[in-house]
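Understanding the architecture of this molecule
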Amino acid sequence: MTMLTRWDPWREMNRAQEEMGRLLEDRFVFRAGESLGWTPATDIYEDEEGLTLKFELAGVEPKDVDIRFENGVLTIKGERKLEKEDTKENYHRVELSYGAFNRSFSLPPTVDADKIAAESKSGVLVVHLPKKAEAKPKSIQVKVN
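To keep things clear, this report deals only with the structure shown in the data block. Every value quoted in this text rests on a predicted model; they were computed, and no experiment measured them. (Residues numbered from 1 in each chain as written. Predicted model: local features only at pLDDT ≥ 70, side-chain atom pairs only at ≥ 80, totals over all residues. Heavy atoms only, no water.)

A separate point is the side chain of Arg 80. Looking at where Arg 80 falls in the secondary structure, it is placed in strand β4 (residues 73–80). For the buried Arg 80, which has no salt bridge, the nearest side chain bearing the opposite charge is Glu 56, at an N-O separation of 4.1 Å. At 2.9 Å, the side chain of Arg 80 and the backbone oxygen of Ala 58 are in polar contact. (Helix = DSSP H or I, 4+ residues; strand = E, 2+ residues; numbered from the N terminus. Buried < 20%, exposed > 50% of the residue type's maximum accessible area, 1.4 Å probe, protein only. Lys, Arg positive; Asp, Glu negative; His and termini not counted. Salt bridge = Lys/Arg side-chain N within 4 Å of Asp/Glu carboxyl O. Polar contact = N/O pair within 3.5 Å; in protein donor to acceptor, adjacent residues only side chain to side chain.)

Here's what the structure looks like:
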């Protein structure tokens, strides 16, 4: 006799998560306090003036961020440092990511590299990538005879 079992998507997700955890444990061996790094959340939007990238970098000092634009690629590197260098024995939970990060973005040739600007406020790094004048949209007026 065949017994039917009700499909439970949560059980399947839990099983997949456990399997992924086992795979990662086998692949990477960590020592206490060691970090693989992290990836800051990023928003990217475009308007008539250019591209804007916003990076969530709470807890990262602006002096610890390096921004480079080479061969059409914008690269943001930095590090969020752990404030207390202890063995984490007194921590109840550690959810913030620490360590180095590195993000790279291929940009269109319409970006004016000479006018790239960056500012940091309230833990958000904003990089402005203005378009070259010839790449900006132009309004053409129709003449009536």
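Pairing is antiparallel across the open sheet formed by three strands, whose spatial order is β3-β4-β5. At either end of the open sheet lies a strand with only one pairing partner, and these are β3 (65–70) and β5 (99–106). Averaged over neighbouring strand pairs, the angle between their axes works out to 10° when direction is ignored. As paired strands, β3 and β4 are joined by six bridges and run antiparallel to one another. Opposite Phe 69, over in β4, you have Leu 74 as the bridge partner. (Pairing = 2+ DSSP bridges. Axes fitted to C-alpha atoms, helices over the stretch in contact; angles between N-to-C directions.)

Take the pattern of salt bridges next. This structure, assessed with the given rule, holds six salt bridges. A salt bridge links Glu 12 to Arg 15; the nearest nitrogen and oxygen atoms lie 3.5 Å apart. Here the residue Glu 12 and the residue Arg 15 both occupy positions in helix α1 (residues 9–27), the gap between them amounting to three residues, near one helical turn. Glu 12 sits in the partly exposed class, given a relative accessible area of 30%. A salt bridge links Lys 81 to Asp 64, with the nearest nitrogen and oxygen atoms 3.6 Å apart. A residue pair is termed long-range when its members are at least 10 positions apart, and Lys 81 in the loop between β4 and β5 and Asp 64 in the loop between β2 (50–56) and β3 qualify at 17 residues. When salt bridges that share partners are traced, they join Lys 63, Asp 64 and Lys 81 into one network.

So, on to the sheet that holds β2. Read across the open sheet, the four strands follow the order β1-β2-β7-β6; overall the sheet is antiparallel. Of all strands in the sheet, those bounded by a partner on one side alone are β1 (42–46) and β6 (117–121). Between one strand axis and the next, the sheet turns by 15° as a mean value, whatever way the strands run. When β6 meets strand β7 (residues 124–130), the two strands line up antiparallel, connected through five bridges.

One finds Phe 55, Leu 57, Ile 76, Val 127 and Leu 129 to be the most contacted residues of the largest nonpolar core, which totals 16 residues. Looking at this core, the elements with two or more residues in it are β2, β4, β5 and β7. (Core = buried A, V, L, I, M, F, W, Y, C linked by side-chain atoms within 4.5 Å.)

Note that every value here comes from positions in space, so none of it alone points to a role or purpose.
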